[in-house]
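Per-entry structural report
If you want the building blocks of each chain, they are given just below.
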Amino acid sequence: MKKEIIDAYGGKVRVRVCGLYWKDDTLLMVKHNSLKTGGFWSPPGGGIEFKESIDETLKREFLEETGLLAFPGNFIFGCEFIRSPLHAIELFYHIDRIEGLLHAGYDPEIQVIEEVKYLSADEMKAIPRDNIHGIFHQYQNRSEIEKLSGFYSI
């Protein structure tokens with residue numbers, strides 16, 4: 001993990017929102033190249049800014065990271081990640097629909113986006129455990145992920 005990440009987010013709790021957008025049986029994912037050697041795949045999302053609603057955050061993050069205009073839907077589930085020096089509370093929402101052309105965007109929060117694409121369950125299973133969001137370690141296909149509800153420690 002790069003020093004910039006530790007300096008920006010270490011030693012405090014960060015509240016993030018993530019959007020799950022499905023295209024057939026593939027999930028839209030973003031690969032960041034500054035969190036882990038070999039990159040880190042996660043759904044589009046990021047930190048909630050002061051006075052910014054969850055919907056506003058999801059729309060901003062999708063636009064920044066993927067170039068897409070997102071239309072957020074219902075809350076699905078939450079996760080807590082605690083691994084020193086990081087601590088994150090993540091709220092996952094269904095994205096009802098998107099508009100625009102998909103492309104690798106930018107992340108003004110230090111991380112560099114290497115790639116954005118739709119991943120199948122088999123593609124997610126092939127990604128090393130440390131290089132994909134923790135929720136996808138146990139839940140890898142659409143039917144399993146869509147059944148998630150409640151709060152998970154990852």
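Located above this text is the structure these notes cover.
Residues numbered from 1 in each chain as written. Predicted model: local features only at pLDDT ≥ 70, side-chain atom pairs only at ≥ 80, totals over all residues. Heavy atoms only, no water.

**Points about the pattern of salt bridges**
Taken as a whole and judged by the stated rule, the model has seven salt bridges. Linking glutamate 64 and arginine 60 is a salt bridge whose minimum nitrogen-to-oxygen distance equals 3.6 Å. Pair noted here: glutamate 64 and arginine 60 are both in helix H2 (residues 54-66), with a separation of four residues, about one helical turn. For glutamate 64, a relative accessible area of 9% puts it in the buried group. Put simply, Glu52, Arg60, Glu61 and Glu64 are held in one network by salt bridges that share partners. (Salt bridge = Lys/Arg side-chain N within 4 Å of Asp/Glu carboxyl O. Helix = DSSP H or I, 4+ residues; strand = E, 2+ residues; numbered from the N terminus. Buried < 20%, exposed > 50% of the residue type's maximum accessible area, 1.4 Å probe, protein only.)

**Regarding the packing of aromatic side chains**
For the coordinates displayed, the defined rule picks out four aromatic pairs. The rings of Phe77, Phe92 and Tyr152 are connected pair by pair, giving a single aromatic cluster. The ring of phenylalanine 71 carries the charged tip of arginine 97 above its face, separated from the ring centre by 3.7 Å. (Phe/Tyr/Trp six-rings, centres within 6.5 Å; stacked < 30°, edge-to-face > 60°. Lys NZ or Arg CZ within 6 Å of the ring centre and 35° of its normal.)

**Considering the side chain of threonine 57**
For threonine 57, the position within the fold is in helix H2. Relative accessible area serves as the criterion here: at 0%, threonine 57 is assigned to the buried category.

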